[in-house]
2 protein chains.
Amino acid sequence: MSITASLRQLLDGRWSAAKAAARDGLEKAGFEPTDQLGTEEHRARIHEQMRLLADSGHARLGFSSAVGGADDLGGSVASFEMLAYGDLSLMVKAGVQWGLFGGAIQALGTERHHMAYLPAVMSFQLPGCFAMTETGHGSDVQHLRTTATYDVSAEEFVIHSPDPAARKDYIGNAARDGRMAVVFAQLEDHGVHAFLVPIRDESGAPMPGVWIGDCGRKAGLNGVDNGRLLFDRVRVPRSALLNRYGDVAPDGTYTSPIESASRRFFTMLGTLIRGRISVAGAAGSATKVALAIAIGYGERRRQFAAPGGEENLILDYLVHQRKLLPALARTYALHFAQEQLVATMHDGPADEQGQRELEARAAGIKAVATQHATETIQMCRQACGGAGYLSANRLPQLKADTDVFTTFEGDNTVLLQLVAKGLLTSYRDHFGELDVLGTVRFVADQVVESVIEATAARTLLQADLGDRAYHLKLFEDREKHLLDGAARRLRRAGKDNAFEVFNASQDHLLAAARAHIDRHVLEAFVAGIAACPDEEAVALLEKVCDLYVLSTVESDRGWFLEHGRLSPSRAKEVTQRVNALCGELRPHVDVLIDAFGIPDACLSTEM
Amino acid sequence: MSITASLRQLLDGRWSAAKAAARDGLEKAGFEPTDQLGTEEHRARIHEQMRLLADSGHARLGFSSAVGGADDLGGSVASFEMLAYGDLSLMVKAGVQWGLFGGAIQALGTERHHMAYLPAVMSFQLPGCFAMTETGHGSDVQHLRTTATYDVSAEEFVIHSPDPAARKDYIGNAARDGRMAVVFAQLEDHGVHAFLVPIRDESGAPMPGVWIGDCGRKAGLNGVDNGRLLFDRVRVPRSALLNRYGDVAPDGTYTSPIESASRRFFTMLGTLIRGRISVAGAAGSATKVALAIAIGYGERRRQFAAPGGEENLILDYLVHQRKLLPALARTYALHFAQEQLVATMHDGPADEQGQRELEARAAGIKAVATQHATETIQMCRQACGGAGYLSANRLPQLKADTDVFTTFEGDNTVLLQLVAKGLLTSYRDHFGELDVLGTVRFVADQVVESVIEATAARTLLQADLGDRAYHLKLFEDREKHLLDGAARRLRRAGKDNAFEVFNASQDHLLAAARAHIDRHVLEAFVAGIAACPDEEAVALLEKVCDLYVLSTVESDRGWFLEHGRLSPSRAKEVTQRVNALCGELRPHVDVLIDAFGIPDACLSTEM
């Protein structure tokens, strides 16, 4: 097997069949990415692609066999990830229909909802919306304002938008196609619950009491019809409540397996993490396309010659390599972390602790992968100069479409705070709350800790820069130090200064979360390489991993220097090694790009 | 005078009248930015705005009084900068017509060209192109491939595209409106010269031998009709040569005031720096609009509450301040550097050395200002969440329109190399080429130098972090150290390893260039504050300047730590000071934004 084939096999991994099928689909006529359409034409084109995709059985993967699905959650995410090689509007519209709308019915509903709706959801005969976000509440959805009130006499729920801030906003499928919506609303004093609410009749007209608006033109993703919904005392039957985590009896009695309203809501949200995981995967695919285009261009484009010599390929310039190759290395690293995340989700976490970890990991990988996509696609556009600005060359559309990835399915800053919060909770579970005696011990521990740290730091200063165990230790040590410090700062918070203390520590918390994800991503990369049977491929991947580690260290070398983890001369050596690794990987870029297996139809440019 | 008025007066500076007139123009009906148009509609709208702008006399500022202009180069750039508050397509189309096309005729042509064409250029009756870039040569325009051959018998030049790579590309005004082009071509063995070539007849049809293509849809700036030109032995009269720097007599004799073909070409390019300066100014305006939108949103948007409390304004969160306020401080800093640059250009450099410095400065400020625009507008989009992704809220269009600023008028990486090259030339002029004795002295000097540096570094480590003299010293010292190091590395280059040595030092050279610009920008900021008579405004600007300095130091603290300019504890103190300054400036953001004087029509959003 060629090294490219070995790498491809490794990258495709457990869901290679689902990925192959999705790639074949993208090669079919009518699925080419396009950027020449007005909003309505683009929406119509994507609608048509959705029908074809539904007919191909794509949507079955994510649903249970009881309703005709294939019980393959991992496959559905892997397949979705491939869709992101093509027109990202299709990927998002598919995500809304089958991941969010269908996924919510599957996860939050019970058998009666599954049987009644999921077949039509899969076939796209029932286009639907996931109506959670409101104009006034995007990140803090626990406090959204739409209300659901039970009317005992009619055995109906009344769904209502009490004020303009309660307007459902940015809702995919709402402006044009949606017939039904999963609407999240405050169910009296039981917290947020989800309800199935018809929003359009068979003719496409809004249902009585439902006002539908259009978000209009967006930066990108204009094939998706994002819209707005307002409800004026809309009545739905008692059975419209997706009642897996909370139910209302005909007489109005509320029951739930989870007592706390807040815990109940976060449990519901936890069942919906597929969305976040899918966005992280899609961000990875879009990044791969951009890198394939920009690296390919760098291998053909010549500019400037030494006197009398041939003009140089721009990818032979160090500064050009430094733009593209560390980003390629990080893309590989994130790929392995993503595969591991999908597998953990597919197999299901072992216990509640596992579920919490999965949620934190999904949040963190989503934040890091989408930030990487935003930065890398931007840089690829610039690395292609004027050619990168022409729509015919795909990069503008990739940039515009992915720009909202850092926002939807959770704003990245908020997600990283979630990660940090999770880390602190584990930390507290481990060390416990502190009473006076505990505080004394904690201080004493810190002294011991400092001694241990200083010793560890000395060891870190001596290891070989190419030693993987050292890399792991370096990332682990940074995470631990940041987390210790953050925990110590937050302990200072009392009743009166809680906001001030939290606010002043916010950047510290985010750094801890990023360090945690960096460490986790590196571990996943190492595990991925260990699973590769081809020695030549392993040797290449080791270099890619070196570049991932050292370019990450380089970009955060301020921290490593501040904390005595790198000496000044060692920090300079890191930069030199990054430069050297760029040169060493330069001859292998084609192999590394080809291994992604991006369909040719998705790489068509005029450059 | 209110503090806002004082600041506005200071920012508007010497060309406040031109700025006021341009702002009034943007408030007129028909000039509102729009993002709902298809390519052809948008082009038509901008064409109409161009006519109105020409009728208003806007274009007169940049031309000489001999042809009806106002002899006010500085005013023309200031006025152009204001256009960037509105639809950026209009700004670019105006820049192509009056800055590039008209500017080339003014700067490279002689009286006969001025009299014959400039009145119609100003009135937009003669829409024209600046046809320099080719498909095969964008950065290295000295080696473009279009040819101009003199035919003695006919007393004509023959303009020809010898191969597809010689195609003129990305040419503004070419696809739809241009009637004439300033075409840059290799004039036999005399290097690149500019020729006036009619490309369309009165009916709008291409002239015989001229092929015109359309670059089609772009990421943004779709109101500008970028196109492509190919010439098949197109004949123009001898007088079509813009002959200020080189002329051909009827008998074919070539004469020029500048002997070297290369120096001649760079002299010609040097007369065209207005384009770069204008783009830097436009980048500043676009950045200001994005910050005004995102900061305004952050002051209204609430999300998350402490238990029982009101929801917090997102701009009260430290992480949100850290996204927006250092960017605002840098925007202020760059504003003053831009004003200084415009004044230097307007007054004209004193000598050739001054001209060289002006060119380097224009290149450097353009690179830094456009990178700042790209990063800041991206961040502002994200800071507005989903609302920032809707076209109705301007940020998507600002992002898409400005994305090419880092590329056009010179790719930023290439421009920073130009800056570095200029610095090294001055360095060599200062220290001379080295013979053996010189080398010995150089080595000895370095030893002395190291001792001085170590002493200086110790001083740097003791100064107060809020001391402006210390800031200046810190920036100056970094620049000097980087430049010394780069010069030392490049000395190792011999005949055989020149490319390798240069290539390996490329990132070092770029760092030196960036440090140089940072230092220059800081000096301009300090000079700007010194010119402000309002004490209260000065006090506020001093804080803004502190934030500019310390956030710049923070982001490059890896370097300062590596080179012993910051101790670890001092580096952490820098971060704390940045956080504290964000909090101190928070109450003043409205004043700082209002002082920009952005017309209300340009800030209209639905958020």
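Below or above, wherever it landed, is the structure these notes cover. (Residues numbered from 1 in each chain as written. Chains lettered and ligands numbered in written order. Predicted model: local features only at pLDDT ≥ 70, side-chain atom pairs only at ≥ 80, totals over all residues. Heavy atoms only, no water.)

## Points about the overall build of chain A
Then, in step 1: Each helix and strand counted, chain A has 20 helices and 13 strands in total.
Then, in step 2: On C-alpha atoms alone, chain A measures out to a radius of gyration of 26 Å, which is about the 25 Å that the 2.2 N^0.38 rule sets for 607 residues.
Then, in step 3: Relative to its full complement of 607 residues, chain A shows a buried share of 58%.
Then, in step 4: Roughly 22,800 Å² of accessible area belongs to chain A as shown, and the carbon and sulfur atoms make up 54% of that amount. (Helix = DSSP H or I, 4+ residues; strand = E, 2+ residues; numbered from the N terminus. Rg over C-alpha atoms; globule rule 2.2 N^0.38 Å. Buried < 20%, exposed > 50% of the residue type's maximum accessible area, 1.4 Å probe, protein only. Areas by Shrake-Rupley, 256 points an atom, 1.4 Å probe, with all protein chains shown as cover.)

## Structural notes on the relation of the copies chain A and chain B
Then, in step 1: Aligned on chain B, chain A shows an RMSD of 0.0 Å; the corresponding rotation is 180° and the shift along the axis is 0.0 Å. The transformation relating the two chain copies, once decomposed into turn and shift, fits a two-fold axis. Among all residues of chain A, the minimum C-alpha distance to the rotation axis is found for G558 of chain A, at 2.0 Å.
Then, in step 2: A share of 100% of the interface residues of chain A reappears at the interface of chain B, consistent with the copies meeting face to face through the same patch. (Least-squares fit on C-alpha atoms with pLDDT ≥ 70 in both. Contact = heavy atoms within 4.5 Å.)

## Digging into the interface of chain A and chain B
Then, in step 1: Contacts between chain A and chain B engage 69 residues on the former and 69 residues on the latter.
Then, in step 2: A combined buried area of about 5,400 Å² lies between chain A and chain B, and 51% of that area is made up of carbon and sulfur atoms.
Then, in step 3: One can count 6 salt bridges joining chain A with chain B.
Then, in step 4: Among the ionic pairs, R557 of chain A bridges to E562 of chain B, the shortest N-O distance being 2.6 Å.
Then, in step 5: Our count for the contact surface shared by chain A and chain B stands at 50 residue pairs in polar contact (both at pLDDT 80 or more).
Then, in step 6: Residues that form the side of chain A that touches chain B fall into these classes: 23 nonpolar, 25 polar and 21 charged. (Buried area = accessible area lost by both parts, 1.4 Å probe. Salt bridge = Lys/Arg side-chain N within 4 Å of Asp/Glu carboxyl O. Polar contact = N/O pair within 3.5 Å; in protein donor to acceptor, adjacent residues only side chain to side chain. Nonpolar A, V, L, I, M, F, W, Y, C, P; charged D, E, K, R; others polar.)

## A word on the sheet that holds strand β8 (residues 227-231) of chain B
All names here are of chain B.
Then, in step 1: Sheet architecture is open: 3 strands sit in the order β4-β8-β7, paired in antiparallel fashion. Since the sheet does not close on itself, it has two edges, and those belong to β4 (168-171) and β7 (210-214), each with one partner. Strand-to-strand, the axes of this sheet are offset by a mean angle of 20°, without reference to chain direction.
Then, in step 2: Pairing of β7 with β8, which is carried by 5 bridges, proceeds in the antiparallel orientation. Within β8, the residue paired with I212 across the bridge is L229. (Pairing = 2+ DSSP bridges. Axes fitted to C-alpha atoms, helices over the stretch in contact; angles between N-to-C directions.)

## A look at the nonpolar core
Then, in step 1: Grouped together as the largest cluster of nonpolar side chains are 336 residues, with contacts concentrated most on Y332 of chain A together with Y332 of chain B.
Then, in step 2: The residues touching Y332 of chain A, leaving out its near neighbours within four places in the chain, are L7, L11, F525, L541, V544, L592, A595 and F596 of chain A. (Core = buried A, V, L, I, M, F, W, Y, C linked by side-chain atoms within 4.5 Å.)

## Topic: the sheet that holds strand β7 (residues 210-214) of chain A
Residues and elements named next belong to chain A.
Then, in step 1: With antiparallel pairing, 3 strands are arranged side by side in an open sheet as β4-β8-β7. The open sheet has two free edges, formed respectively by β4 (168-171) and β7, since each of these has just one partner strand. Sheet twist, expressed as the average angle between the axes of neighbouring strands with direction ignored, equals 20°.

## Overview of the side chain of T287 of chain A
Then, in step 1: With respect to the element layout, T287 of chain A can be found in helix α8 (residues 274-300).
Then, in step 2: We classify T287 of chain A as buried; its relative accessible area is 1%.

## Observations regarding the packing of aromatic side chains
All names here are of chain A.
Then, in step 1: This structure, assessed with the given rule, holds 22 aromatic pairs over all chains.
Then, in step 2: Look at F475 and Y548: their rings are 6.4 Å apart centre to centre, the planes differ by 70°, and that puts the pair in the edge-to-face class. Pair noted here: F475 is in helix α14 (residues 468-491) and Y548 is in helix α17 (residues 535-555), with a separation of 73 residues, a long-range link. Y548 shares its class with F475; the two are buried. (Phe/Tyr/Trp six-rings, centres within 6.5 Å; stacked < 30°, edge-to-face > 60°.)

## Focus: the pairing of strand β3 (residues 156-160) of chain A
All names here are of chain A.
Then, in step 1: For β3, the tally of buried residues reaches 4 of 5 residues, placing the bulk of the element in the interior.
Then, in step 2: The loop that links strand β2 (residues 147-151) with its antiparallel partner β3 comprises 4 residues; one of these, E155, has a positive phi angle of about 55°.
Then, in step 3: Bridge analysis of β3 against strand β9 (residues 234-237) gives 4 bridges, and the strand direction is antiparallel. Within β9, the position partnered with F157 by the bridge is V236.

## Considering the packing of helix α10 (residues 352-383) of chain B against helix α16 (residues 506-530) of chain B
Residues and elements named next belong to chain B.
Then, in step 1: For the pair α10 and α16, the least separation of the axes is 10 Å and the interaxial angle reads 90°. As the angle between them shows, α10 and α16 are arranged roughly perpendicular. Residues R361, G364, I365, V368 and Q371 of α10 form the contact with α16, whose own contacting residues are R514, H516, I517, H520 and V521.
Then, in step 2: Looking at the contact of α10 with α16 residue by residue, the classes come out as 4 nonpolar, 4 polar and 2 charged. (Parallel < 35°, antiparallel > 145°, perpendicular 65-115°, else oblique.)

## As for the environment of A530 of chain B
Residues and elements named next belong to chain B.
Then, in step 1: Mapped onto the elements of the fold, A530 is located in helix α16.
Then, in step 2: Under the relative-accessibility criterion, A530 is labelled exposed at 67%.
Then, in step 3: When the C-alpha atoms of A530 and R491 are compared, they prove to be 41 Å apart, with 39 residues separating the residues in sequence.

## Observations regarding α10 of chain B
All names here are of chain B.
Then, in step 1: A rise of 1.5 Å per residue sets the reference length of α10, with its 32 residues, at 46 Å; its end C-alpha atoms lie 46 Å apart and thus fit the reference within 8%.
Then, in step 2: Between a side-chain oxygen at the N-terminus of α10 and the backbone nitrogen of Q353 the separation is 3.3 Å; the capping residue is D351.
Then, in step 3: One or two steps after α10, the chain reaches G385, where phi turns positive at roughly 55°. (Expected span 1.5 Å × (residues − 1).)

## Some points on α8 of chain A
Then, in step 1: In this model α8 of chain A runs 39 Å from its N-terminal to its C-terminal C-alpha over 27 residues, within 8% of the 39 Å that 1.5 Å per residue would give.
Then, in step 2: Of all 27 residues in α8 of chain A, 23 are buried; the element is thus mostly enclosed.

## Topic: the pattern of salt bridges
Then, in step 1: With the rule as written, the count across this model stands at 74 salt bridges over all chains.
Then, in step 2: Close ionic contact of R322 of chain B with E554 of chain B constitutes a salt bridge, the shortest N to O distance being 2.5 Å. Linking R322 of chain B in helix α9 (residues 318-347) with E554 of chain B in helix α17 (residues 535-555), this pair joins segments that are 232 residues apart in sequence.
Then, in step 3: For R322 of chain B, a relative accessible area of 22% translates into the label partly exposed.
Then, in step 4: Assessed through its relative accessible area of 12%, E554 of chain B is described here as buried.
Then, in step 5: Shared partners join several salt bridges into a network, and the residues in it are K93, R176, D177 and D225 of chain A.

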